[in-house]
Structure formats: C-alpha cells, structure tokens
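Spelled out, the chains give:
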Amino acid sequence: MGGMKNLFRGFIGMAIYMTTTMLIPALTFDFVDKMEIPIPPTDQILDIEIAQGGIAVVIFWLVALGLTISGLAFFTWSSPKDSRRKVVFSILLVFTNCFYLWSYKFSGATAFGIQIPGLGSVTLDFVGMVLLYLGAYTLIIVAKIWKLIEVEFGKRKEKKEEKVFVPESTFGKDGGAL
Amino acid sequence: MIIQVDILRMIAEFIGVVFYYSRAVLSPIGEVMKFWIEFLLQFFPQNIPADYNFYIIIFVVLLISGVIINYHWPGEKKEVKEKEKKEMEVSAKKCKYCGKPIGDSEFCPYCGSKN
C-alpha cells in the first residue's frame, strides 16, 4: 500500500519537473522565436533571435536534460521520507539541474539578439543570471549533503536502539522478571 | 489591468532586488560550478550520441528501477516497528495495586492480588 503511495508521489514529482523543465521553457522559447512585434508608425517587424537562429539545439538540450531530470525526480519523490536513497538522488537531481541550467549557456539560449529596424541590433546576455542560479544550487547541494549526514547518523542511532530495545513486557520497570 | 501591471512590476522589482544583493555572494560560487561543469562537458557531447534515444533510455531505466525498488522496499519498516513496539507496550498489563507488570495473568506475581 505504501509502495503505491510512493509511486503516486513519484509521478506527481515527475509531472511537475516535466512541466517546468521541458514544456514551459520549450513553449516559451518557441513562442519568443516566432514572435513578431510591429513597431509603429511604419509597422516594421521587431525580430527577436534566440541562440543565433539555432533554436533546435536549445530545444534538444532542454528535452534531453529535462527527461533525465524528470526520471531522477520520479526516483527522488517516490523514495520514502528520510531514506538514504531519497537524499542521494536529490543530490543527483541538483547536479543534473546544474547541467540543465548550463545547457542554456552552451546551447546559446542565454543570448538574445534583438534586431531594431533602422537602428541596429541589441544583444542581451543572461549568463550572469545563470551563474547566480548555479550559486544558489551550490548552497542547495551543501544543504543536501548536510541532510545526508543527518540521515546517516539517524540510521546508525536507530540501529543502536534496535539492539538495546527490550520491551517492558519482558522485564518490569525495576528490572524484575515476570 | 492596471492592478495586474502593478503587481507584476512589484514582483519584478522584488526579484531584481533579491538578485542584485545576492549577486555578490552567489555569482563567485556559480563561477566555481561553471568550472567543473565545463570540465565535464569536455567529455560529454563527443561520447554521447546527439539523439533522444540515450536520454529516453536513462528516463525509462530510472522509472522502472524506481517502480521495482519502491515495490520491494516501500519504507514502511519503521512504521511497522513502531506499531509492534506500541502493541508490546499495551500488552504489558500492570497490577492495579503494586503497579508492576503482570502480562496476561489474572494474579500479580509480585503481590499476589487479583486484577
């Protein structure tokens, strides 16, 4: 019964990650790439170019790493609370998330070129923002490692208690046998 | 509409302030992360074929192993143990008069009184 509950939780986690790492970014990039903004009064088109026209590369890396992240999210979310496998896989998930974020950089998705008719072009580079997120992810990794240590100590303590545990029904409170 | 724009502007300003002040601390840490990611990426794209099959296989393997592992080890062990512990504690009936455990027997083995 608990297994089914875990799996249900895993599928919810997977759906969340699939939406946030694959669906929404892919749709957004596609939308921005196809977007045409008419500039009054001549109604010339303002063209926004992502990854110097290589949007397919961006979407490939989004989907590829998004799939890996979703698989790891399923494993992490479906693992029981305070288990080693949950913490270990959540650390792996954060590392993969770092790769995912960096894929925005190496696929060129962080560079937006905007062609303004009659004026020239502007390039917006979001690498700084990616670095900021990577920094935040580092702090999350540290927190997860701390959690792993905590879980490990908890398990050891539990094992020790198991060895010493003697139910009251065997001996009285003062240690006298029944 | 005006309220919506105001709310969006407020959110954008809030995020901007958070980013602005955390940048001094987080960006250098991000640079360190960038270093190891770029090091790993030297091996990454060349050795892995650039089609979805490889990633689909990873996804399916993780999914199936997750299902199997959760089927065999659902993590209920702790709850069951606690239940057993509680049951054992409940089964340790105590004497009404001296308070010592008497188990299931009617007479207390310590004071001899009937319970």
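Everything below is about the structure shown above.
Okay, so let's go over this structure. (Residues numbered from 1 in each chain as written. Chains lettered and ligands numbered in written order. Predicted model: local features only at pLDDT ≥ 70, side-chain atom pairs only at ≥ 80, totals over all residues. Heavy atoms only, no water.)

### Some details on the overall build of chain A
The helix and strand tally for chain A stands at 4 helices and 4 strands. Counting from the amino terminus, chain A carries its helices and strands in the arrangement α-β-β-α-α-β-β-α. In chain A, 68% of the contacts between residues at least 6 apart in sequence involve partners at least 24 apart. For chain A, the exposed area adds up to about 10000 Å²; of that, 68% sits on carbon and sulfur atoms. (Helix = DSSP H or I, 4+ residues; strand = E, 2+ residues; numbered from the N terminus. Contact = heavy atoms within 4.5 Å. Areas by Shrake-Rupley, 256 points an atom, 1.4 Å probe, with all protein chains shown as cover.)

### Comments concerning the overall build of chain B
Helix and strand counts for chain B come out as 4 helices and 0 strands. Starting at the N terminus and walking to the C terminus, you meet the elements of chain B as α-α-α-α. Taken over 115 residues, chain B has a buried fraction of 18%. When the accessible area of chain B is evaluated, it comes to approximately 9100 Å², of which 67% is carbon and sulfur surface. (Buried < 20%, exposed > 50% of the residue type's maximum accessible area, 1.4 Å probe, protein only.)

### With respect to the pairing of strand β4 (residues 120-125) of chain A
All names here are of chain A. The buried fraction of β4 amounts to 0 of the 6 residues, a small share that puts the element mostly on the outside. With 6 bridges joining them, strand β3 (residues 111-116) and β4 adopt antiparallel strand pairing. Bridge pairing in β4 places Phe-112 opposite Leu-124. Between the antiparallel neighbours β3 and β4 lie 3 residues, among them Gly-118 with a positive phi of about 85 degrees. (Pairing = 2+ DSSP bridges.)

### Quick notes on a nonpolar patch on the surface
Taken together, the side chains of Ile-7, Leu-8, Ile-11, Phe-14, Ile-15 and Val-18 of chain B define a hydrophobic patch exposed on the protein surface, amounting to about 580 Å² of accessible area. Structurally, the position occupied by Phe-14 of chain B is in helix α1 (residues 2-41). (Patch = residues over 30% accessible without salt bridge, like charges linked within 9 Å, V, L, I, M, F, W, Y side chains within 5 Å. Salt bridge = Lys/Arg side-chain N within 4 Å of Asp/Glu carboxyl O.)

### A few points about the state of the cysteines
All names here are of chain B. Counting across every chain of the model gives 0 disulfides over all chains. No disulfide involves Cys-108; its sulfur sits 3.5 Å from that of Cys-98, the nearest cysteine. For Cys-108, a relative accessible area of 3% translates into the label buried. Not part of a disulfide, Cys-111 finds its nearest cysteine sulfur in Cys-108, a span of 3.6 Å. (Disulfide = S-S within 2.5 Å.)

### What about a positive patch on the surface?
Together, Arg-156, Lys-159, Lys-160 and Lys-163 of chain A make up a positively charged patch on the protein surface. Tracing the backbone through its elements, the reader meets Lys-160 of chain A in helix α4 (residues 127-164). (Lys, Arg positive; Asp, Glu negative; His and termini not counted. Charge placed at Lys NZ, Arg CZ, Asp CG, Glu CD.)

### Some thoughts on the pattern of salt bridges
Scanning all chains against the criterion turns up 4 salt bridges over all chains. A salt bridge links Lys-147 of chain A to Asp-82 of chain A; its shortest N-O distance comes to 3.2 Å. With Lys-147 of chain A in helix α4 and Asp-82 of chain A in the loop between α2 (55-78) and α3 (84-106), this pair connects stretches of sequence that are 65 residues apart. Note on Lys-147 of chain A: relative accessible area 33%, which makes it partly exposed. One salt bridge in this structure joins Lys-34 of chain B and Glu-31 of chain B, with 3.6 Å as the shortest N-O distance. Placement of the pair is Lys-34 of chain B and Glu-31 of chain B together in helix α1, with a separation of 3 residues, close to one helical turn.

### A closer look at the environment of Arg-9 of chain A
Residues and elements named next belong to chain A. Here Arg-9 lies in helix α1 (residues 2-34). In the structure, Arg-9 is positioned 65 residues away from Phe-74 in sequence and 8.0 Å away in space, judged by C-alpha atoms. Once residues lying within four places of it in the same chain are set aside, the contact partners of Arg-9 are Trp-77, Ser-78, Ser-79 and Pro-80. Polar side-chain contacts of Arg-9 include one of 2.9 Å to the side chain of Asn-6. Engagement of the side chain of Arg-9 in a polar contact is seen with the backbone oxygen of Trp-77, the distance being 3.2 Å. (Polar contact = N/O pair within 3.5 Å; in protein donor to acceptor, adjacent residues only side chain to side chain.)

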